[in-house]
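Spelled out, the chains give:
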Amino acid sequence: MHNPEFNENTNSEQTQNDSFNSIEPEEKQDSFEDQQTQETLRKSATKTDDDEFYHNEVPGYIKGRTKFVFVMGTVISGLGKGVFSSSLAKLLQNKGFTVEPMKIEGYLNIDSGTLNPFRHGEVFVLDDGLETDMDLGTYERLLSKNLTRENYLTSGQIFMAVLTKERQGGYLGKDIQVIPHVTGEIKTRFRQLAVQKHADIVFVEVGGTVGDLENSHYLEAIREFAYEEGRENCCFVALTYVIKPNALGEQKSKAAQHGIKKLMSRGIQPDVIAIRADDPVGLKVRQKISINSNVPVERVVSMHDVDSIYKIPKLLHNAGIDKYVCEMLGFSCPITFARDEKWERFLSQIESQEGELVIGITGKYTQIRDAYASLIHALQHATTACGRKLRIKWIETTEIELGQRSVESELVDVAGIVVPGGFGTRGVEGKIACVKYAREKGMPYLGLCYGFQMAVVEYARNVCGLTGAHSTEVTISTPHKVIDILPEQKKIEGLGGNMRLGGRDVEVSVGSFAYSLYGNRDTVRERFRHRYEVDPKYISTLEEHGLVFSGKAPGQPIMQILELPQSVHPFFIGVQYHPEFISRPTEVHPLFLGFVKACLRKI
Ligand code: GLN
């Protein structure tokens, strides 16, 4: 859907060329391994040495065809910018636009693969295998679609592209500068996303806050971008924060005012301001922010706390933000909240939840909920569908391991237990003790990735009699290395982006419990992120002792689902993948639904 008023002129700067500075793309291409680099380099052949512009041609890009919304945060990070931005994108999606988000991060990591979830929240894995910030998960859940690596950008990617291009002679004769080369690369990524995804509207969310030094090149690129694209094609939304100190008992807007000023000092005039706050933001505070920012007070809106993030699209709509954004972008849109029946049913289910369901989650980062964001959402989707409110009991397995708490006392009040993904050795024996308890007591058990591997270790030790069985991730001095590094991983050196990653098919055994949970599908696509697997030489022993491997990688001996028959246990399932990454409010993942139903049957 495109606005008929869009200007379809291409940018004349793109057409200039120069013999010294241009390279022969055909000649150079063969020697580059990285396809992306080849692409970028080829496009750099369109500038002159005697002008100061730097413009990569993006084939197929038509100025004005795609509109851009930039969401930037002020005052503090962690304001829920991702939730805000994806909720806004959802509203525009509901109006029939093809929306594409892009999360841009200031840090120099190439992706999120090596980030500690304790510091940064979970590492979310896209279907194409990119390890990203957890916000990409929020976008996928709210927009109900799969994203790709083009939707995620870090400064590391940008600098890598610039430096690779420099080594390949892509800037011959020039000193490489933040302006125009780094900013040029960033603007190119915005345009490439627009073209690749045929987007009507691209939502660019800048991580952190506008005052962060590592965001300066992004803000500069965004300013330049609006200058090049035309102000009518860009909308700037600032998210800010109003505090209410206990000692004063009233909302104070000074920090918000200064934050917006900082944005304006970068040459970016916000069009809409959304204010995060504990309570609804009063008119006086909105007026103060309005007068300090040149934004009409009706476009300075409250985005106060609500009990479920899924209520935010409606909150934004009621505040008129989608209408203002459409106006700024020159769309003449219907201003009513488009009917999205599945979504509305989900919202009404949230309202009608009665009673709690307590699920135990074992984990290493139990203080930091963001480390398990997708898991919590997937469980919530399932409990909401079953009419219950989710209550999580976090189980610190190091305390069980050290004998400070008993498994019984920890698990006595939970309806079921999830052992989620994890790495390393901390609390492992405590996790294995939880698996044993769940298996023996008939407590619903869902093991995700590491939780799958720990279920294998527990079964090997306590049912198959393989004393000391373990994963070589934890110890190599065991006679029974039932979980071992994947052969494809043995030759890999270094860390980052090199696990078995992304969406892959799983063959599900016809007639198994998993098969029935998946609605009798014999092939499903799930997302992976692992280095270790069940050592194939133990499969027959485990199976002879009653463990069923009901999901496998097509054509490879990689075990991907384990289960106990329902005659033995009401719900004992482990999966080598991460189903939590693909559960959505309106398409609850069947394994989570089955798990929650089994928990409800138990109480
Ligand atoms: N550490 C395990 C592996 O690498 C499990 C990974 C995970 O839980 N994501 O195989």
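Residue positions are given per chain, counted from 1 along the sequence in the order it is written. pLDDT decides what is reported in this predicted model: residues at 70 or higher carry local features, side-chain atom pairs at 80 or more are listed and counted, and totals for whole chains, interfaces and linings draw on all residues regardless. Values reported for side chains reflect all heavy atoms of the structure, with hydrogen atoms and water molecules removed beforehand.

1. Things to note about a positive patch on the surface
(1) Moving on: Among the surface-exposed residues, K252, K254, K261, K284 and K288 lie close enough to one another that they form a single positively charged patch.
(2) Moving on: Secondary structure counts use DSSP, requiring at least four H or I residues in a row for a helix and at least two E residues in a row for a strand, with both numbered from the N terminus. Of all the secondary structure elements, the ones that give two or more residues to the positive patch are α9 (254-265) and α10 (283-293).
(3) Moving on: Relative to the elements of secondary structure, K254 occurs in helix α9.
(4) Moving on: According to the relative accessible area criterion, K254 is exposed, its value standing at 53%. Like charges within 9 Å and nonpolar side chains (Val, Leu, Ile, Met, Phe, Trp, Tyr) within 5 Å are joined into patches, using only residues over 30% in relative accessible area that form no salt bridge. Working definition of accessibility: Shrake-Rupley area with a 1.4 Å probe, residue cover restricted to the visible protein chains. Salt bridges are defined by distance alone: a side-chain nitrogen of Lys or Arg within 4 Å of a carboxyl oxygen of Asp or Glu. The charged-residue count follows a simple rule in which Lys and Arg add positive charge and Asp and Glu add negative charge, with His and chain termini not counted at all. By convention, the charge on Lys lies at NZ, on Arg at CZ, on Asp at CG and on Glu at CD. Remark: exposure states derive from per-residue accessible area (1.4 Å probe, protein chains only) relative to the maximum for the residue type, with buried under 20%, exposed over 50%, and partly exposed in between.

2. Some details on the pairing of strand β12 (residues 416-419)
(1) Moving on: Side chains of β12 alternate between two faces, with G416 and V418 and I417 and V419 buried alike.
(2) Moving on: Pairs of strands are assigned from DSSP output, requiring at least two bridges between the strands. Where strand β10 (residues 356-362) meets β12, 3 bridges bridge the pair, whose relative direction is parallel. In the strand pairing of β12, G360 is matched with I417.
(3) Moving on: Sheet topology note: the β12/strand β13 (residues 445-448) ladder contains 3 bridges and is parallel. Residue pairing for β13: I417 is matched across the bridge by Y445.

3. Thoughts on the pattern of salt bridges
(1) Moving on: In this structure the tally under the stated criterion is 36 salt bridges.
(2) Moving on: With a closest N to O distance of 3.3 Å, E410 and R405 form a salt bridge.
(3) Moving on: Residue classification places E410 among the buried residues on the basis of a relative accessible area of 7%.
(4) Moving on: Residues joined in a network through salt bridges with shared partners are K103, E105, D133, D135 and E205.

4. Describing the sheet that holds strand β15 (residues 481-485)
(1) Moving on: Across the sheet, 3 strands lie side by side as β14-β15-β18; this open sheet has mixed pairing. The sheet is open, and its two borders are formed by β14 (470-471) and β18 (532-534), each paired with just one other strand.
(2) Moving on: Relative to β18, β15 is paired through 3 bridges, and the arrangement is antiparallel. Within β18, the residue paired with I485 across the bridge is Y532.
(3) Moving on: In this analysis, two residues are considered to be in contact whenever any of their non-hydrogen atoms come within 4.5 Å of each other. Lines fitted to C-alpha atoms define the axes, with helix axes restricted to the stretch in contact, and inter-axis angles between N-to-C directions lie between 0 and 180 degrees. The strands touched by helix α18 (residues 450-462) are β14, β15 and β18; relative to β15, the strand with the most contacts, the crossing angle is about 150°.

5. Examining the pairing of strand β7 (residues 234-241)
(1) Moving on: A large share of β7 lies buried, amounting to 7 of its 8 residues.
(2) Moving on: A clockwise path from the first strand over the helix to the second, with the strands pointing away from the viewer, defines a right-handed crossover. What joins β7 to strand β8 (residues 272-277) is α9, and the crossover it makes is right-handed.

6. Some words on the site of the ligand
(1) Moving on: Neighbouring the ligand are the residues G421, G422, F423, C449, Y450, Q453, E473, R529, H530, R531, Y532 and H578.
(2) Moving on: Polar contact is the term for a pair of N or O atoms within 3.5 Å; when the atoms are in protein, one must be able to donate a hydrogen and the other to accept it, and sequence-neighboring residues count only if both atoms are side-chain atoms. Within the backbone of G422, one N or O atom sits 2.9 Å away from an oxygen atom of the ligand.
(3) Moving on: Here Y450 contributes a backbone N or O atom positioned 3.2 Å from an oxygen atom of the ligand.
(4) Moving on: Summarising the interface, the protein chains cover 99% of the accessible area of the ligand, which totals 290 Å² for the free molecule.
(5) Moving on: For the shell around the ligand, the secondary structure elements donating two or more residues are α18 and β17 (523-530). Think of it this way: one heavy atom of a residue within 4 Å of a molecule or strand is enough to make that residue near it.

7. Quick word on the sheet that holds strand β2 (residues 99-105)
(1) Moving on: The strand order across the open sheet formed by 7 strands is β5-β2-β6-β1-β7-β8-β9, and the pairing between neighbours is parallel. Of all strands in the sheet, those bounded by a partner on one side alone are β5 (152-154) and β9 (300-304). Going across the sheet, the axis of each strand differs from the next one's by a mean of 20°, ignoring polarity.
(2) Moving on: Pairing of β7 with β8, which is carried by 5 bridges, proceeds in the parallel orientation. Within β8, the residue paired with A238 across the bridge is I273.
(3) Moving on: Lying on the sheet, helix α6 (residues 155-167) is in contact with β2 and β5; it crosses β5 at an angle near 70°.
(4) Moving on: Contacts from helix α12 (residues 321-329) reach β1 (67-73), β7, β8 and β9 within the one sheet, and its direction differs from that of β7 by about 145°.

8. Topic: the packing of aromatic side chains
(1) Moving on: Each Phe, Tyr or Trp ring (for Trp, its six-membered ring) is paired with any other whose centre lies within 6.5 Å, and the angle between the two planes then decides the class: stacked below 30 degrees, edge-to-face above 60, tilted in between. Tallied over the entire structure, the rule returns 17 aromatic pairs.
(2) Moving on: Ring geometry for F124 and F581: centres 4.9 Å apart, planes at 65°, overall edge-to-face. Pair noted here: F124 is in strand β3 (residues 124-125) and F581 is in the loop between β21 (572-575) and α22 (590-602), with a separation of 457 residues, a long-range link.
(3) Moving on: With relative accessibility at 0%, the residue F124 sits in the buried group.
(4) Moving on: Taking relative accessible area as the criterion, F581 reaches 4% and is therefore assigned buried.

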